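# Fold and geometry: a report
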Amino acid sequence: MPLLLIADDHPLFRAALRQAAADAVDALQVREAGSLDAVLAALDAEPGIDLVLLDLHMPGNHGLAGLAAIRAQHPGVAVIVVSANDDPQVVRRALDHGAAGYLPKSAGLDELREAIRSVMACEQWLPASLRASVARAQSSGYDSALAARLASLSPQQFRVLALVAEGLLNKQIADRLDVQERTVKAHLSAIFDRLGVRNRTQAGVVLRELELSDPARRLES
């Protein structure tokens, strides 16, 4: 029985996605999460989740960082990015970082159903309105290399990297993850090596480079 996780912080939008998903796939089970922490906890608790509909700007997520976290910690899970940002270059970057599809929040329910069916069938999906412009958008060699380096991290190494990017010290990270401080130091050595950086400042910058501005916030300001 297919299992879908809807990751968005707006309950009404989650409800619309749930209904459309139920119409798209027979006997679909649906879970919901309102923050990136809740998404990762749900994926840890239910390894059978097949697909995540991921809002790029939900709490705890900063642009493509959440996508990178899911791809690093749960590489077998397909992700459709759902965002108000339909910039072709942003879409290109999401695909380069492992998204199986990209759905603008302006898309209709028919497109949502098509996206879910296509990705569940192991196909990449984009709305017709974006396919030509995304095809013209140039992949960044840096983004592709960064995606590969992040994917080489173990789930625990990625968690350490995320906490480094938040500015936490080794002891704070050890307390947060319930491990010894020397374990954190060992993870950091491996992270530096795999990311090709020399210190924690550079490592944090790597993850922050995945941040994107939220179009909805720009409209509200």
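All of the points below concern the structure found in this document. The residue numbering used here restarts from 1 in each chain and proceeds along that chain's sequence as written. Local features are withheld for residues below a pLDDT of 70 in this predicted model, meaning they are given only at 70 or higher, and side-chain atom pairs are given and counted only at 80 or more; totals for whole chains, interfaces and linings count all residues. The basis for the side-chain values is all heavy atoms of the structure; hydrogens and waters are excluded.

### Here we look at the nonpolar core
Definition of nonpolar core: a set of buried residues of the types Ala, Val, Leu, Ile, Met, Phe, Trp, Tyr and Cys, connected through side-chain atoms within 4.5 Å. Burial status follows relative accessibility: with a 1.4 Å probe on protein chains alone, a residue under 20% of its type maximum counts as buried, one over 50% as exposed, and anything between as partly exposed. The biggest cluster of nonpolar side chains holds 57 residues, and the ones touching the most others in it are Val-39, Val-52 and Leu-150. Residue contacts follow a heavy-atom distance rule, with two residues in contact if any of their heavy atoms lie within 4.5 Å. The residues contacting Val-52, other than those within four sequence positions of it, are Leu-5, Ala-7, Leu-43, Ile-70, Val-77, Ala-78, Val-79 and Ile-80.

### Brief notes about the packing of aromatic side chains
Ring geometry is summarised as follows: Phe, Tyr and Trp rings, the Trp one being its six-membered ring, pair when their centres sit within 6.5 Å, and such pairs are stacked at plane angles under 30 degrees, edge-to-face over 60 and tilted between the two. Under the defined criterion, the tally for this structure stands at zero aromatic pairs. Charge over a ring is defined by NZ of Lys or CZ of Arg lying within 6 Å of the ring centre and within 35 degrees of the ring normal. In this structure, Lys-105 is placed above the aromatic ring of Phe-13, and the distance from its NZ or CZ to the ring centre is 4.8 Å.

### Details of the pairing of strand S1 (residues 3–7)
For S1, a buried count of five out of five residues is recorded, marking the element as mostly surrounded by other parts of the structure. Residues Leu-3, Leu-5 and Ala-7 point to one face of S1 and Leu-4 and Ile-6 to the other, with burial holding for every one of them. Each pair of strands is called paired provided DSSP finds at least two bridges between the two strands. Counting from the N terminus, the helices are the DSSP runs of H or I reaching at least four residues and the strands are the DSSP runs of E reaching at least two. Pairing between S1 and strand S2 (residues 29–33): five bridges, direction parallel. By the bridge assignment, Ile-6 is partnered in S2 with Glu-32. The handedness of the S1 to S2 crossover, carried by helix H1 (residues 11–24), is right-handed. A right-handed crossover is one whose linking path, passing over the helix from the first strand to the second, runs clockwise when the strands point away from the viewer.

### A word on the sheet that holds S2
Spatially, S2-S1-S3-S4-S5 is the arrangement adopted by the five strands of the open sheet, whose pairing is parallel. Either end of the sheet is taken by a strand with one partner, and the two such strands are S2 and strand S5 (101–104). The sheet shows a mean angle of 20 degrees between the axes of neighbouring strands, taken without regard to direction. In this sheet, strand S4 (residues 78–83) lies alongside strand S3 (residues 51–55) in parallel orientation, the contact comprising five bridges. In the sheet register, Leu-53 faces S4, and the bridge partner there is Ile-80. Helix axes are fitted to C-alpha atoms over the stretch in contact, other axes to C-alpha atoms as well, and angles between N-to-C directions run from 0 to 180 degrees.

### Considerations on the pattern of salt bridges
Definition used for salt bridges: Asp or Glu carboxyl oxygen within 4 Å of a side-chain nitrogen of Lys or Arg. What the rule picks out here adds up to twelve salt bridges. Measuring nitrogen to oxygen at the nearest pair gives 2.5 Å for the salt bridge that ties Arg-93 to Asp-143. Of this pair, Arg-93 sits in helix H4 (residues 88–96) while Asp-143 sits in helix H7 (residues 141–151), and the two are 50 residues apart along the sequence. Across the pair, Asp-143 and Arg-93 agree in class, each one buried. A salt bridge links Arg-113 to Asp-110, with the nearest nitrogen and oxygen atoms 2.8 Å apart.

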